[in-house]
Amino acid sequence: MADHSAIFRLEGISKSYGNVVALHDVSLSVAGNEYISLLGPSGSGKSTLLRVIAGFEAPDRGRVYFEGRDIAAMSAHERDIGFVFQNFALFPHLTVFDNVAFGLVNGKAPPAAAEVEKRVKEVIALVGLAGMEGRGVHQISGGQKQRVALARTLVMRPKLVLLDEPLGALDANLRHRMRNELRAIREKLGVTFLHVTGSETEALAMGDRVVVLDRGRIAQFARPDEVYSAPASPNVAHFLNRYNIFEGTLRGRNFEGPFGNLAVSHVTRSDRTAYAVRYDRMRVEPETGHADGPGLPATYVASEYLGSSVMYFFETDKGQVVEVEHHLSLGEPRNYEPKARYMLRWKPEDAIAYGQG
Ligand code: ADP
Ligand code: MG
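How each quantity is defined
Numbering of residues starts from 1 in each chain and follows the order in which that chain's sequence is written. Working convention: letters from A go to chains and numbers from 1 go to ligands, in the order in which they are written. Selection of residues for local features in this predicted model requires a pLDDT of at least 70, selection of side-chain atom pairs for listing and counting requires 80 or more, and totals for whole chains, interfaces and linings are taken over all residues. Values shown for side chains rest on all heavy atoms present in the structure; no hydrogens or waters enter the calculation. Here, nonpolar core means buried Ala, Val, Leu, Ile, Met, Phe, Trp, Tyr and Cys residues that are tied together by side-chain atoms lying within 4.5 Å of each other. Burial classes: relative accessible area under 20% of the type maximum marks a residue as buried, over 50% as exposed, and values in between as partly exposed (1.4 Å probe, protein chains only). Strands here are runs of E lasting at least two residues and helices are runs of H or I lasting at least four, both read from the DSSP assignment and numbered beginning at the N terminus. Note on contacts: a residue pair is in contact if any heavy atoms of the two residues lie within 4.5 Å. Here, proximity means that at least one heavy atom of the residue falls within 4 Å of the molecule or strand. A 3.5 Å cut-off defines polar contacts: any pair of N or O atoms within that distance qualifies, except that in protein one atom must be a possible hydrogen donor and the other a possible acceptor, and neighbouring residues in sequence count only when both atoms are side-chain atoms. Only the protein chains shown count as cover for residues, and the accessible areas themselves come from Shrake-Rupley with a 1.4 Å probe. Here, a salt bridge means any side-chain nitrogen of Lys or Arg that lies within 4 Å of a carboxyl oxygen of Asp or Glu. Following DSSP output, two strands are said to pair if at least two bridges run between them. To get an axis, a line is fitted to the C-alpha atoms, and for a helix only the part in contact is used. The angle between two axes follows their N-to-C directions and goes from 0 to 180 degrees. Given a helix with a known number of residues, its expected span is that number minus one, times 1.5 Å. Angle categories are assigned with fixed cut-offs, so that under 35 degrees is roughly parallel, over 145 is roughly antiparallel, 65 to 115 is roughly perpendicular, and the rest are oblique. For any helix crossing, the convention is left-handed if the near helix is rotated counterclockwise from the far helix by under a right angle, and right-handed if that rotation is clockwise.

## Some thoughts on the nonpolar core
Inference 1: Of all hydrophobic cores here, the largest spans 35 residues; its most connected members are V100, V120, L150, L163, L182 and F193.
Inference 2: For this core, the secondary structure elements donating two or more residues are α2 (96-105), α3 (113-126), α4 (142-154), β7 (160-164) and α5 (172-189).
Inference 3: Look past the residues within four positions of V100 in its chain and what remains in contact with it is V120, V123, I124, V148, A151, R152 and V155.
Inference 4: In terms of nonpolar packing, the next biggest core, distinct from the first, is built from 26 residues, F8, L38, L162 and V211 among them.

## Remarks on the site of ligand 1
Inference 1: All residues in the neighbourhood of ligand 1 are listed as Y17, V20, A22, P41, S42, G43, S44, G45, K46, S47, T48 and R51.
Inference 2: Between an oxygen atom of ligand 1 and a main-chain N or O atom of S44, the distance comes to 3.1 Å.
Inference 3: G45 has a polar backbone atom sitting 3.1 Å from an oxygen atom of ligand 1.
Inference 4: Here ligand 1 loses 61% of its free accessible area of 560 Å² to cover by the protein chains.
Inference 5: If you list the elements that add at least two residues to the shell around ligand 1, you get β2 (20-31) and α1 (46-54).
Inference 6: It is α1 that contributes the most residues to the shell around ligand 1, four residues altogether.

## Here's the deal with the pattern of salt bridges
Inference 1: A full pass over the atoms with the stated rule returns 22 salt bridges.
Inference 2: A salt bridge links K159 to E67; the shortest N-O distance between them is 3.4 Å. Of the two residues, K159 sits in the loop between α4 and β7 while E67 sits in the loop between β4 (61-66) and β5 (69-70), which places them 92 residues apart along the sequence.
Inference 3: On the basis of relative accessibility, which here comes to 36%, the residue K159 falls in the partly exposed class.
Inference 4: Its salt-bridge partner being D350, residue R281 comes within 3.5 Å of it at the nearest N-O pair. Of this pair, R281 sits in the loop between β16 (274-278) and β17 (283-286) while D350 sits in the loop between β21 (341-345) and β22 (351-355); the two residues are 69 residues apart in sequence, bridging distant segments of the chain.
Inference 5: Note on D350: relative accessible area 22%, which makes it partly exposed.

## Structural notes on the sheet that holds strand β15 (residues 267-269)
Inference 1: Pairing within the open sheet is mixed, and its four strands lie in the order β11-β16-β22-β15. Each edge of the sheet is formed by a strand with only one pairing partner; in this case those strands are β11 (243-246) and β15. Sheet twist, expressed as the mean angle between neighbouring strand axes with direction ignored, is 30°.
Inference 2: With four bridges connecting them, β11 and β16 associate as antiparallel partners. Bridged to F246 within β16 is Y275.

## Concerning the sheet that holds strand β9 (residues 209-214)
Inference 1: The strand order across the open sheet built from six strands is β6-β7-β8-β3-β9-β10, with neighbouring strands paired in mixed fashion. Whereas interior strands pair on both sides, the edge strands pair on one side only; in this sheet they are β6 (81-84) and β10 (217-222). Neighbouring strand axes in the sheet, compared pairwise and without regard to direction, differ in orientation by 15° on average.
Inference 2: Across four bridges, strand β3 (residues 35-39) lies against β9 in parallel orientation. Paired with L38 across the two strands is V211, which belongs to β9.
Inference 3: Set on the sheet, α4 makes contact with β6 and β7; between it and β6 the angle comes to about 170°.
Inference 4: Sheet strands in contact with α5 are β3, β7 and β8 (192-197), and its direction is about 160° off that of β8.

## What about α5?
Inference 1: Its 18 residues give α5 an end-to-end C-alpha distance of 26 Å, which sits within 8% of 26 Å, the value for a rise of 1.5 Å per residue.
Inference 2: One side-chain oxygen of the residue at the start of α5 lies 3.2 Å from the amide nitrogen of N173, identifying that residue as D171.
Inference 3: Within two residues after α5, G190 carries a phi angle of roughly 65°, on the positive side.

## Regarding the packing of α2 against α4
Inference 1: Two elements in contact, α2 and α4, have axes whose closest approach is 7 Å; the angle formed by their N-to-C orientations is 30°. It follows that α2 is roughly parallel to α4 by the angle criterion. Seen along the crossing, α2 lies across α4 with a hand that is right-handed. Contacts from V96, N99 and V100 of α2 reach α4 at V148, A151 and R152.

Taken by themselves, the reported measurements are silent on function.
As structure tokens, this is what we get:
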């Protein structure tokens, strides 16, 4: 169906390399001026999807529409789409200015020199590098190289910017700063960003909406808060790194897992049967405490201090590690006895059951 408000739309994109299915029947529609995070583990097809949109790779099947037009026949440089590579891919022998100017000067209709100068300086200032135009790219830091790579893309005034793990090479502080700057640039220029990341924190923090890729398929496309609180499949819950996932069997409205047989109020349809409970929705009680809701006996192993919360690691009798997150705003850190047994509990309504229910 035609969606004319979409800046780009993918319809049934599939792509294989030999017998490796990189993308399977991917359909996606993105409105203008959205910031989209594309999250998935390594090998899930994120880079392949970007390359197909950019035109570096032809899909085996499916269509790519850009502003309502099928762009299959357009080469990468005819598409009004910018691409920022993970490794920056700058010209090492050129200055910051010349790296940024390169696409303009070598394009089909290069603007006059004065116009090039104006646009390059504007965009260099936009990414916070004013005054560094004359430096060689070997004379600037990793974070500054990332800004040059971004400036070089933005100077072409693309309507859509594809970013392939753009912050992966930066240290944590810089990554944080660049996140804010990307957001500011997006507000200022009104461009649409499609930002690939393997980091669930980055995907949730940056995206107006998040696409989760699982083995070449879209597992979920929703707002960050929806993905976080209602992951569409056990795999999505697993990538988020916020849920304990238990295997088991589902019979009607009963899930049989390592904690026994539990009634579930709602089943999220999925081809994998599992039971998920968020780390911060689990409680720890003495093993001998009276039964109050479902419980899973487990041995305390270790803890990890995270600043605003503490993560406690337990091990079940079957050897599964279960994580319990305790927000320090809710009370002091706990002192559990190493190797002692406890009972892990949660409210049934806080669990998500997956299966063919
Ligand atoms: P991601 O970016 O999510 O890590 P990719 O899109 O790079 O994933 O890769 C998806 C799958 O396709 C992987 O199994 C990868 O090994 C395979 N693949 C990607 N590019 C090629 C290629 N040029 N030749 C062969 N296999 C490839
Ligand atoms: Mg990749």
